Structures are given as structure tokens and as C-alpha cells.
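Observations on the model geometry
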Amino acid sequence: MSTRLAKQGRLIDRTKQVTFTFNGTSMQGYQGDTLASALLANDQMMMGRSFKYHRPRGVVASGAEEPNALVGLGQGNRFEPNQRATTTELFNGLTSVSQNHWPNLEFDIGAVNTALARFLPAGFYYKTFIHPKPFWKHVYEPFIRQSAGLGKAPDKDSRDADTYEHFYHFTDVLVIGGGVAGLQAAKAAAQSGAKVMLIEQTAHWGGRAPVDGGTIDGAPVDKFVEQLVSELETMGNVTLRNRCMGAGVYDHGYVLGYERLTDHTPGVQGPRHRLWRIRAKQVVTATGAIERPLSFAGNDVPGVMLASAMRDYVVNWGVTPGERVIVATNNDDAYRTAITLKQAGVDVLRVVDARDSAGPLAEEARQLGIRVDPGKAIAKVKGGKRVKKVALCNQEGIGGAREEVECDAVAMSGGWSPVVHMWSHCGGKLIWDEANAHFRPDPERPPLGANGEGFVIAAGSSNGPLALGEVLADADAAGKAAAKAAGCKAKRTKAPLGETTAEAPMAAVWLMPANADIQLRMKSWLDFQNDVKVSDVQLAAREGYESVEHTKRYTTLGMATDQGKLSNINGLAILADALDKDIPKVGTTTFRPPYTPISLASIGGEARGEVFQPIRQTPMHNWHDQNGADWEPVGHWRRTYAYVRPGESVHDAVNREVKNTRENLGLLDASTLGKLIVKGPDAGKFLDMMYTNMMSTLKVGKCRYGLMCSENGFLIDDGVVARIDEDTWLCHTTTGGAERIHGHMEEWLQTEWWDWKVYVANVTEQYAQVAVVGPNARKVLEKLGGGMDLSKEALPFMEWRDGQIGDFDCRVYRISFSGELSYEIAVPASQGQAFWDALMEAGREFGVMPYGTECLHILRAEKGFIMIGDETDGTVIPQDLGLHWALSKKKEDYLGKRAHLRSHMADPERWKLVGLETVDGSVLPDGAYAVGEGINANGQRNMIGRVTSTYYSANLGKGIAMGLIKHGPDRMGEIVEFPGTDGKTYKAKIVDPIFYDKDGEKQNV
Amino acid sequence: MLILNCPYCGVDAEETELAAGGEAHLKRFGPGSSDDEFHDYLFMRENPKGVHFERWRHANGCGKWFHAARCTQTLEVFGTYSAQTSEPPQAIKDAISARRPGWTWRDLS
Amino acid sequence: MSEPISALNHASYDGIARIEECGLQGMITLRGDLSDKVLAKAVKDATGQAVPGQRAAFVDGDTGVCWMSTDELLVLVPYAEVEAKLAAMTNALGGTHALAVNVSDARAVFRISGAHAREVLGKLAPVDLSAEAFQPGQIRRSRLAQVAGAFWLDDEQTLRVVCFRSAADYVFKLLKIAAQPGSEVGVY
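How each quantity is defined
Residues numbered from 1 in each chain as written. Chains lettered and ligands numbered in written order. Predicted model: local features only at pLDDT ≥ 70, side-chain atom pairs only at ≥ 80, totals over all residues. Helix = DSSP H or I, 4+ residues; strand = E, 2+ residues; numbered from the N terminus. Rg over C-alpha atoms; globule rule 2.2 N^0.38 Å. Buried ≥ 20, exposed ≤ 12 C-beta atoms within 10 Å, placed from the backbone. Contact = placed C-beta atoms within 7 Å. Axes fitted to C-alpha atoms, helices over the stretch in contact; angles between N-to-C directions. Parallel < 35°, antiparallel > 145°, perpendicular 65-115°, else oblique. Left-handed = near helix turned anticlockwise from the far one by under 90°. Nonpolar A, V, L, I, M, F, W, Y, C, P; charged D, E, K, R; others polar. Pairing = 2+ DSSP bridges. Domains from an automatic or database assignment. Expected span 1.5 Å × (residues − 1). Arc of directions from axis to C-beta. pLDDT = per-residue confidence, 0-100.

1. Structural notes on the overall build of chain B
Looking only at helices and strands, chain B has two helices and six strands in total. The order of helices and strands in chain B, counted from the N terminus, is β-β-β-α-β-β-β-α. In terms of overall size, chain B behaves like a compact globule, its C-alpha atoms giving a radius of gyration of 14 Å where 109 residues would be expected to give roughly 13 Å. The C-alpha extent of chain B, read off along each of the three principal axes, is 40 × 35 × 25 Å. Here chain B holds 109 residues, and the buried ones make up 35% of them. Long-range pairs, those at least 24 residues apart, make up 48% of the contacts in chain B with a sequence separation of at least 6.

See below:
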């Protein structure tokens, strides 16, 4: 059984007990435990079940690479699936549940899959779920959906209760990884004066070196780490962060650091995660190495564990995963585990070494009384929910002549793979190291930065060297090189001297025994999380999947949440062997960020809830909100769709506003309309290029409606232009268009006509603008007083004046988008609310009502006025909308003019704007297409047009619409059919788009 | 995520402050141009693997457009320069030659 | 004229830094040739300050001038004086090609103060706000999460942030989140 030892546990505080639950059972651990070490201390060997076959699984590693021990953490709004027990720090009240089983962990119906395993090899789904065809939709897909997904998704009604943030950080040197290599690299870099940041994913500094032993400068590793950390803490140019994982390295020195602030201290104020958005001149990756498992039958039975992990559990947390342990290895390092276990009082039955001879560590083990069996292998581990016994055999051979040994845990070591993820994310290349049988960074081919030079340097065991002395020397050199590359001068200091027992060469053993028969290979796991076995990779190779990327996708090797950290290399080696190729020829799959999964919320940062995106507010926003506004998003703005009174539906409110504005008086908050000041000696010339019509001839005091096209000829905006003085114009844009059109103007001024003397300023938000609309518009303004003459004679239609209305300095535009008598009045934004209040107050006797955007739309549609974004969609030209009158024939050039001459633009077959009136007075569905005779090549009915705007007009008592119809203007009176998505076919008559006051008498009074 | 130095305000701006504006040094064709000329001006673009010239705007910054010369393959930036020019200045061309001898782009080299 | 009201009417918040909406600030966008003597004199007359160089900000309280671009300055004057100052400026610039417009009401201004002021902003703007990189006397235009903004340091522990008026509510909420208790970063 796995149990807590009486001694050891450098990371736990035995005076502080912690209570937590696993599957509802209350358990005890110590402060400093991980969930994994605490579960082991409680003899909870089995921690979950595998994804595909539902096999019992226990923890196999002790860190970020863990594939098996995934749990659901927390409850309610804080529930999160697929959290690694090995990286979860224990705290009081932690609740965890195991995954992938029903009804419970011990008894799982889905485990039937493991009995069927031989029928579920790689590619099973691809091959099986093809025939018969109708089965896909009704049988296969529902079945697959049922079994898909790892862990349990949080309840659909739950909402993440925590906050998250980003932080932008800039540094000369970023060191990723706080083991001895990272610490030494950071110090070497910092001594140059460079600004250094060091991040470490765990809560502890020093990495695994304190567990592995040895001395540095004559002192124990722990001591060295302690001193080095306190030294770095005192350096003003060094920032240290633990619980902060290097998640990804990107172009131009951009690195994401994922800091877990309160995962281990729930209830503490502040954000849960912080995503560091770091820009580093140089990045040192000191990310260490990960031990590989060995592939033998039953290597996934709970109790089989990485040798290094087992050592970690003993030394760091004072927990032994077993009482009678067998160690299997192809290298010397695993002997450290045997020795550690033995010294902790655990019975180490034997070390099974695939090699014929080992180094001094083996001798040390023998002297402690441990039996060492060279040239031996594990043929099979027996046991279901935990290890019961192990069958041993010769490494050479197919696995016959077995000897069975009873035991309760197996430590395995297949050698070490440098963590090259950070090196590789941004394009760093790898080379194959024959001696250590691993890929390591190729220093000749680093990721390239903005200056075309490498910006990542690998250090320590992530760079290949595994012995303490070499690691420290390499890290020291890397730190200095990084400082130099960042433009600092490194100090000439000596690297600390690390000493450990020398090791004999490892042997590349990818399968135990070397020629294991198929029965064994079918039980030899490569990818523990996705249940990929040696036999699956071999099958893929036989079926022609020669590319490693194809094999990955076919077998799902390395596609689980651990992304194959543990044993991808084993899989590659098996594939290489099956293809009879060298491992470097087969290559690796691509390493992509993030290193381990990070919370989606941390990527979103602050952008959630009410600041998910900016909501732009006019000066009268709060008034609208308090007066029944039904909001409509227009770009980032919020505009009032309609002001809904108690007891009214939105539709009722719209109809009321529509009638009242035509009959009495309406107020519209038009502040969102863009307002651009264009000034300079060349401003007229410039606006003549920007607009399709002539703006240079506009007289001071007058307004003109203008159209803007892109260089491609398509309509991009419209609005009223007012000439303010001899060299100043004010251009109104659409609500969503102010920034876009401002940018458009600046683009042409800066990049094409840079010698033209024109300045543009965006003054959109300087003004609150109110449209005062309806037969009583003049009356209410005259009542407010102020001395401005607003008569037809003094301020005719399409003119503007500055003046005073009531107490307010304002600019009054006599323009109309409704066909009514209308004044659009701009006052300073800081007085917008007061002005609105004054209008509401004075307008009471004239039947004033505010109206929203839907009413605005209906009023303009009744008049046949187009709306950018409704009648236009980026493919519509002015000619389509019957706006020929706005296309200047006098001007030699304007944006879009040349484009309008292109053959397709002049094509008479283009759909053209018409009015549409349903035969029965109903409202046409928005966006519906008109169908004509015949069918197209896809067997669909031919389309001859579409609805662009459609409303119920309360003034006319019927549905009205506009649309683009092929040959439309020539087909007045014809009936066209519009099939709706509701299955009905709507019939509408083609009519003139002006439905109301065709002669425009109402606006011109 | 790129960093480009804005030649107007001097800031090393990261990509989130910038807006990309496509290929640089297009010659505008307006009324009077042939269909082919106008078509090429609107739609035909270089798509090099290597040296490229682009327009960028420091949109969340000083608002100015500028030009950048960079390598589309390695993302190396050879330099940024004024938008008010119809071809890259000699210093930029020299900087590219130093890093990519024999480079060509349209009729430049 | 009725009493003018700023976007958030002096709203404030206390977290790891103090956030305040500063109320109305007179602001003039001035575009022109920054090397022009007439323009320099107009700026001097309005603010008492010289024309700032690239990314410089000469601000004293509610008066000053900030470099916004190669052909643009942001002139700060007391709100009550903005119309008069603008008229004087426009008058002085009469013969030159320049554009001066009142943008006081188009903006909102926030003050972030306290030992963690730099950190609060460092969560929202992709800018190096360390003391080595950013000092009083400099202005930086950038983005605040998803909207444009400009900021300068009044002193080591006080930042002033300018954004569009319509985004004032968004920016205030952003700053409150960035200044929430327990969110100290601890790097500056």
C-alpha cells in the first residue's frame, strides 16, 4: 500500500494538518502536499480511469507531465474538470472527484471497453462508423458524443466566480524555470546589470536537484538553492515569480507567463490567475527534463510510476507509493530511487536493468542490499486496480521464461527527455542526441527575433546535459550569453561546481522485452491518457501512416491534455522501428503553446462581464436607461431601440413613437453620428476626392448630403456635410463610421496626398446632438427662446446656423432623415443632458416623445432613404440604389469613379433598389430572397433579389419594405415571390421606394 | 506578435497597438487608366517568402501610417520608415542587402 | 449656459490605488507645423509652455501641453477658459495652416494615484511603465484594454489618463478591476 513515511518530506509541514475530500471521502494531508501526494498518503492508489478503455489509473508522475491523475476540483461556480492532482497544492476544504467512470471509480460500466480493447484498435472509429450511411446521424454520432469529452463540463448555469487579469512586463532577460539551472542562469544574467525575470511553475525553487542529491560548491543542493534565492531577492534588477508557468514563447520575444495566484488559497482577495504578457530581449529556457516511462505490458496499472516521481514522493512529501518495490530501468539514474526508497525503509525487491552493466550507483545499491538484475526486463505487471505482482524475463527475447515476484509498486525509468517546448514554440530546431537517446535544442538553429538573431537560449537539462556539474556550467554560460545578447556586459565569474556520482551510459530501450510478442505489446501503454499502445502505433505504420503527424492523428498519440510530455518520444521510437527508419528521420510532432492547459479566463483577462467589450455611452445614456430604453448595439455604442412604457410591448412603443413623431414631436439622441472637422486650403479638393458628389462648391452656411465610396466603388458611408467657413467643413458620418471614416481620411492624406494642406479632427464626442423632429419642432424651439431665428426664411432646409436656444450655445442643422420638419442641434456634450431635459420640459405641451432607432428606421424607410448597412453590404454601388444624382459628372476623379466604369459595375443585370409592398399588407421577412424562374446548377431556385429593409409602418397601416431586385425599376407593379424560412411564400408588389409624402412637402415648411 | 518601431513617435509598438495596411508602395490608378492597370492596382499583390514592404498604422498610438520592411519567413524587421515616400529609402535597402544579399522585390533590389 | 457635467461627475474608487474621474478639463487639439514660430507663440500664450518634443508632456495642474503626434498637440487649459483660449489661439494662427478645436467635452480624464498606480495601468496598456522607461514629463498614447487612451505621470505615484468621453464608463470599470484589493503585482 502507499503510505506516509515517518520521516522525510522536505516540502510538507507536519504540524499543519489539512482536511480535504476525494469522491466525498474526507481525508487528511499536510500543508505543502500536492493533491497527488496526499491521496497517496491515504493509500488512494487509483485516481481515475482512462479515456477510451476506462482502465483503472493511478498517478504516474509528480509534476506537470502527469497524464492520469486528472480530477474535477471545486464545486458549483468554481468547479473545474481535468485538473492535475500533481500540480494541485492541497488546502483546507479542497474537494476533488475522479473522472471517466459511471457509476463510480471502483465499479465502472465503461470498463467493458477494456475487455473489448482488442476490437478497438487505432482507427477503429474511422473504419467502423462509415456504413450504413444513415447510421451516422442516428446511431454513431449520438454514441460518440455520449462518450466524448474528458471529465465533466461545469454545470451550464454556473458562472466563474473569480476575476483574472493581464500584466504587461518588459525585461532584458526572461528565465523560464526556477530549478538550479534557471536560478544560476538568472544570477549570471543579473550580475551583468540586465533586468531579469525568473519564473517557476511550481511553488518551490530548485527544481528536482535537491531530490537528486549531490553537492554544489561543497554544500548540499538545498542550501545552495536557499542562498541563491535570497541573493536574487536582494537584487533590484531581478523579479522572481513562482507559481508562474512559462506557457508559450512567440514572435519577437513575446512570452506568456501563467501565474496562479489564489488556486492554493481560495477565499483570499484578488484575481485568481494573472497572465503575464512579457516582452523579453532574450529568453533562457531552463525547463528541465522529464523522465520517460518504459513500455512493458501493464505499465499503466496503478502503482507503476516514474522512478523520479517515486523519489519525489518520498523526499518531498514523505510518502511511499509502495512497501515492496521493483525498479525497472535502462539507465543509472533510477538507482537513485532504489537507494532513496531503501534508505527510507522501503523494501526494494530488485532493480531490473535492461543493460548488461551499470555504473557506481548500482554498486551503491548492491551495498545497501538491493538485488540488481542486469539484462532483465519486466514482461508484465499483474493486477487490476493496483500492482499485485510482476513477471520478469530477459530483456533480449520475446518475454518467455518468466519469473513472478509479488510486489505493490513498480518504478520505471526509460531515460530523460529535455523539455524543449519553450525552445520549439517559436521555431527553434532540435537535434537527436544518440548518447542520451533524446532530442535536444540545436544551438545553431534557435528561434529568430526581430533583428534576425536568435532570442532563445536553452540552459541546463532542457539543453541536454543531465549531470549536476554540467547543468550548472551550461546554465551559467547561458545566463551570461543572454545578458550579452540583450546588450549588457556579463561579469567574468566562475560557475558553481556541482558534483554527483558519475553515471554509466544509458541504453535506448523502447520496449520491454525487446521483442515482446503481440499479447504484451497490446498491453504496453505509450499514451496513458488517450490509451495508445505500442500495438496501435505499429498498426498505424503497417497501414501506411509514415508521417509522424499522420500517425499522431490516426492513433491520437500525444493528443491528450498532457500533449505527450511523458512518452511521445517512446511513440516516435516505436514508429521509427516499425518503419525501419532512424528516429531523427521520423522527427517529432510540432510543439505548440500553451505548455500545459491554462484557464480560458486568464486569456480573457479583465474582458468579461460588464467590461467584456467597451460600451460607448452618449451624454444622455443614463436618462434613456431610466426611461424605458430597450437597447440596441450599434458598433460599440448603445442606442435606444425604443422607449418602452409600462404595459407596452417593444412593438407597441415603436408604433407609438412612429405616429407621434409624424403627428406631433419626437426627440432623437443623435450624438453617436460621427462629426469630422476637415480644414485647410486643400480641404475642398480633398473632400471632392472623398465624396462622390461635389463638396468644394458648397456655400458657407449650407449642408449637402454626400456619399462615400471605396476605391473599389462600393458604398462605405454617407452623411450630411456642412461648410463652416472658407476652409473648414464638418462631415457627418454614420454612427458606426466615425473612427473608420476618420481613419480613411487620414490614410489618404498621409499615404497618397501628403502634400495637400488638410487637417482632420474627430469631434464626434464633443457634442451631444439632438434631432428635434415633427410638425411641432419649430414651436418647441421657439418656446425655449434664446433669440435664434428658426423660420423657414432665416434657416431654410439644408442650411445650418450657430446661435442660442434657451441657455444653450448650439449649432443647428436644418436637415431631415425622416421627411418631417427637423432640426438637428449640437450642444457641448457636458450640457447634453440639460438640453435634453429642457426640450422634454418645453415639449410637453406639444406632445413630445423621445424616439429610438427603430422609429428612425421606419421613418426613413417610409421616405425611401437608404441606410448604410441595410441597403448596402459592401457589394452595393450608388447606381444600384438610384443615387446617380449624387455622382458628380464634373469631377475628373473621386474615390470609386474609376471603379464604376468596370464592366461588372455597369452591368444592367445588377440588382436595383425598389420599394416592396406585400399583397396582403403583412411584413416581409428581413433578408428574404426573391426567387425567379428556373433552377441553378446546384438545383436551387434562381434568385433575383433580396429584401434589404422591412418594417411595419404604423403611419401607413401596412408592411413596407425596400429591396434590391434584378431589373427592379423596370418592373414596377409586378408581383415577386419571397420564400420565408417559416415555409410560407410571401408575395410582394414592386413599387416606388418612397411611400410617404412623395413631394417632400412636410420637411420643407 | 510583432514589434515595430513607429518612426513618427519613436515607440516600439507591439502589434496590438498597430493596424496592418497591406502592401506598400502601390501606385494609384484613377480615371484614364486601362482596365488592366486598374485591376492590378486594386487586386494584384506580391506574396513573397522573404523580403516584403508593408504599410502599418500606429492606430492605438500617434495615429500615423508608416512603412515596414521585413522578412515574411523569419519575421526579421529590416527597418521602418516614413509613409510619405513612393519607394524605400536607400538606408533601408542597404539594411536589407546586409542581411539578404541579392534580394529583389517587384523592380527593387 | 447650464452647469456643465463631466462624463462620470467625479466618480472615485479606492483599491490598491485611488481612481478618480477628474471632472472637466479644458482641452484643445492643435494640429499644425510644430516647428512654426507662430504656432509656438500661440501655445506659449495659452499655456506658458514651449512646444514639447517627441512624446513630451509639459503639464502643471490643469494647464499644459502634450505632444500627440508629429503634427498634433494636446493643449490643456482650465475648463472655464477654454473658449477664450481657443479664440485667441485661432486668432493668432489666422495666417497659418493649422487646426485648433475644442475637444474638452469629447474626453474624460482619470487620476490613478498611490504606490501601485503604475501597476494598475500596466494591467491594461501594453507599455513598459517601469521607472526606467516612463517618467514624469513623458506622454504615451496607447490602448487601455480595448479602447484608445493617453497618459502621463504627474509625479512618481500619480498618473493621469485621458480617454474618449463615451468610453469613460468602460475605462472607469477597467481601472476599478485593475485596482481591486489583493491584486498588487509587486514589480514596480
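2. Notes on the overall build of chain A
If you tally the helices and strands in chain A, you get 25 helices and 52 strands. If you line up chain A on its principal axes, its C-alpha atoms span 115 × 70 × 55 Å. Split into buried and exposed, the 1005 residues of chain A put 56% on the buried side. Within chain A, contacts between residues separated by at least 24 positions form 66% of all contacts whose residues are at least 6 apart in sequence.

3. Notes on the packing of helix α14 (residues 534–542) of chain A against helix α15 (residues 548–555) of chain A
Residue and element names in this part refer to chain A. One can describe the packing of α14 onto α15 by two numbers: an axis separation of 10 Å at closest approach and a directional angle of 125 degrees. Here α15 runs oblique to α14, going by the angle between their axes. Our pair here, α14 against α15, has a crossing hand that is right-handed. Taking contact as the criterion, the partners of D536, V537 and A540 in α14 are, on α15, T551, Y554 and T555. Classifying every residue of the contact of α14 with α15 by side-chain character gives three nonpolar, two polar and one charged.

4. Thoughts on helix α21 (residues 683–690) of chain A
All names here are of chain A. By the criterion of burial, α21 is predominantly enclosed, with six of the eight residues buried. Taken residue by residue, α21 has A683, F686, L687, D688, M689 and M690 as its buried positions. Lining the buried residues of α21 we find β37 (674–679), β38 (703–709), β39 (715–725), β40 (728–733) and α22 (738–751).

5. Observations regarding unusual backbone geometry
Residues and elements named next belong to chain A. Of the consecutive residues M512 and P513, the connecting peptide bond is found in the cis state with omega at -15 degrees. Cis rather than trans, the peptide bond between P593 and P594 has omega equal to -5 degrees. For P594, the location among the structural elements is in the loop between α17 (583–586) and α18 (600–604). The phi dihedral of N100 is positive, around 60 degrees, even though this residue is not glycine. Structurally, N100 can be placed in the loop between β8 (94–98) and α2 (112–115).

6. A few points about the interface of chain B and chain A
Chain B puts 23 residues into the contact, and the matching count from chain A is 22 residues. When residues of the side of chain B that touches chain A are assigned to their parent elements, the largest contribution, three residues, is made by helix α1 (residues 35–43) of chain B.

7. Considering the pairing of strand β34 (residues 629–634) of chain A
As a general feature of sheets, a regular strand has side chains that alternate between the two faces. All names here are of chain A. By the bridge criterion, six bridges tie β34 to strand β35 (residues 637–643) in an arrangement that is antiparallel. Directly across from D630, in β35, lies its bridge partner A642. Between β34 and β35, which pair antiparallel one after the other, the connecting turn spans two residues, and G635 there sits at a positive phi close to 60 degrees.

8. Structural notes on the interface of chain A and chain C
Between chain A and chain C, the contact holds 42 residues from the first and 42 residues from the second. Put simply, the parts of the chain that give the side of chain A that touches chain C at least two residues each are β9 (164–176), β37, β41 (759–762), β44 (808–813) and α24 (832–843) of chain A. The residue makeup of the side of chain A that touches chain C, split by class, is 18 nonpolar, 14 polar and ten charged.

9. What about the domain arrangement of chain A?
Here the domain parsing of chain A yields domain 1 (1–157), domain 2 (164–289 + 418–492), domain 3 (293–414), domain 4 (524–586) and domain 5 (908–1003). Here domain 4 of chain A and domain 5 of chain A have C-alpha centroids that lie 60 Å from each other.

10. So, helix α7 (residues 221–234) of chain A
Residue and element names in this part refer to chain A. For α7, spanning 14 residues, the distance from its first C-alpha to its last is 20 Å, which sits close to the expected 20 Å at 1.5 Å a residue. V221, F224, V225 and L232 are the residues of α7 that are buried. Each buried residue of α7 lies within a common arc of 95 degrees when the element is viewed along its axis, so the set occupies one face. Turned more than 90 degrees from where α7 packs its buried face, S230, E233 and T234 sit exposed.

11. So, the pairing of strand β7 (residues 99–102) of chain C
All names here are of chain C. Here β7 shows two buried faces, one formed by L99 and V101 and the other by A100 and N102. As paired elements, strand β3 (residues 26–31) and β7 share four bridges and run antiparallel to each other. What sits directly across from T29, in β7, is V101.

12. Notes on the sheet that holds strand β24 (residues 389–394) of chain A
All names here are of chain A. In space, the three strands of this open sheet follow the order β23-β24-β25, with antiparallel pairing throughout. Edge positions in the sheet fall to β23 (376–382) and β25 (403–406), since each has one partner strand and no second. Ignoring which end each strand starts from, the neighbouring axes of this sheet average 30 degrees apart. Across four bridges, the pairing between β24 and β25 is antiparallel. Residue pairing across strands places A391 opposite E404, the latter belonging to β25.

13. Re the environment of Q25(C)
Residues and elements named next belong to chain C. Relative to the elements of secondary structure, Q25 occurs in the loop between β2 (18–21) and β3. C-alpha of Q25 to C-alpha of D154: the two residues are 129 residues apart in sequence and 15 Å apart in space. Apart from the residues within four sequence positions on either side, Q25 is in contact with D62, L76, Y79, S104 and V109.

14. Re the sheet that holds strand β43 (residues 800–805) of chain A
Residue and element names in this part refer to chain A. Here we have six strands laid out as an open sheet, ordered β43-β44-β45-β42-β36-β46, and mixed in their pairing. Two strands close off the open sheet at either side, each with one partner strand: β43 and β46 (848–850). In this sheet, neighbouring strand axes are inclined to one another by 30 degrees on average, regardless of whether the strands run parallel or antiparallel. With three bridges joining them, β44 and strand β45 (residues 822–828) adopt antiparallel strand pairing. Looking at the pairing, R811 lines up with A826 of β45.

15. Side note on the confidence of the model for chain B
Looking at chain B, the pLDDT average stands at 97 and 100% of residues meet or exceed 70. Across the interface, the model reports ipTM at 0.98; the global pTM reads 0.95.

16. Re the packing of helix α20 (residues 650–663) of chain A against helix α25 (residues 853–862) of chain A
All names here are of chain A. Between α20 and α25, whose axes approach to 9 Å, the crossing angle comes to 55 degrees. On the basis of the axis angle, α20 is oblique to α25. Seen along the crossing, α20 lies across α25 with a hand that is right-handed. Where α20 approaches α25, its residues V654, E657, V658 and T661 are matched on the opposing element by E854, C855, I858 and L859. Of the residues assigned to the contact of α20 with α25, the class counts are five nonpolar, one polar and two charged.

17. Looking at the environment of R492(A)
Locating R492(A) in the fold gives a position in the loop between α12 (468–485) and β31 (498–499). In this structure the C-alpha to C-alpha distance between R492(A) and R542(A), which are 50 residues apart in sequence, comes to 56 Å.

18. Observations regarding the environment of E21(C)
All names here are of chain C. Structurally, E21 can be placed in strand β2. Judged by the 23 C-beta atoms lying within 10 Å of it, E21 falls in the buried class. In this structure the C-alpha to C-alpha distance between E21 and A168, which are 147 residues apart in sequence, comes to 8.7 Å. Ignoring sequence-local partners within four residues, the contact set of E21 consists of S6, A7, L8, H10, A11, A108, F110, A168 and F172.

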